[in-house]
Amino acid sequence: MIVTPEHLIEILDAKYSAMVQNICILDKTCLQKKRCSTSQRYPLLNFDKIKDSVYRGKKTPPSVDGLLAHKGVLCFVELKSWENFLHYQHPQTVDDIQFQLSSFKLKDKLEYSMSICVTEAENEKLFLTIPVAFIVVTDIDVETNGWGSFVQNMESLSQTASDWEVLCNEFTKEYLKNMCDVTTIYVTCKQFDNRISEIR
């Protein structure tokens, strides 16, 4: 039986009752502070809840935060707070940013999450027919400018918040660009709905 992204979402929600109405609910950082008033049109599954149920009593692998289907595309959603990192960790070098990005284990999270979907759909060929989008959602402005000047002289960073945001954004975009097997999207949380609506 061919399983569509929409059908898979129905299967998982019926089994695990994991639907939530806002991506903020999926992020511990957002829950610890006042949430923005941005409304959201696209509900999604709490994939961590699904993973914890699947691996109950066992060591759990990394996984994405959320899952949704839109126009025949299965969207794996991962939330990452660069704002929190910049505010509390106070990076001093480019290596600090790169180390933090590698600690996110984005590729591992996507792969393990896809494996769970294959198991739950009981279809080893699931992703031969279903297109996938990997969406990394952050809390800083992803449209920051000024990367060119940093490439010319990275060692002379003025170390302002906006400087570090540029680095966080560009390294994240480059990382996702290298994940050539799936469509990747990097978006600020306030633009989440707009980017989802553009998926074809």
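Residues numbered from 1 in each chain as written. Predicted model: local features only at pLDDT ≥ 70, side-chain atom pairs only at ≥ 80, totals over all residues. Heavy atoms only, no water.

Caption draft 1: Focus on the overall build of the protein chain. Assigned secondary structure in the protein chain consists of 10 helices and six strands. Here the protein chain, with 200 residues, has 47% of them falling under the buried criterion. Taking the intrachain contacts of the protein chain between residues at least 6 apart in sequence as the baseline, contacts between residues at least 24 apart amount to 69%. Here the protein chain has roughly 11,100 Å² of accessible surface; of this, 48% comes from carbon and sulfur atoms. (Helix = DSSP H or I, 4+ residues; strand = E, 2+ residues; numbered from the N terminus. Buried < 20%, exposed > 50% of the residue type's maximum accessible area, 1.4 Å probe, protein only. Contact = heavy atoms within 4.5 Å. Areas by Shrake-Rupley, 256 points an atom, 1.4 Å probe, with all protein chains shown as cover.)

Caption draft 2: Representation of unusual backbone geometry. You will see that lysine 71, though not glycine, has its phi angle at about 50°, which is positive. Inspection of the secondary structure puts lysine 71 in the loop between strand 3 (66-70) and strand 4 (73-80). A positive phi angle is found at histidine 90, which is not glycine, with a value near 50°. Within the element layout of this structure, histidine 90 appears in the loop between helix 4 (82-89) and helix 5 (94-103).

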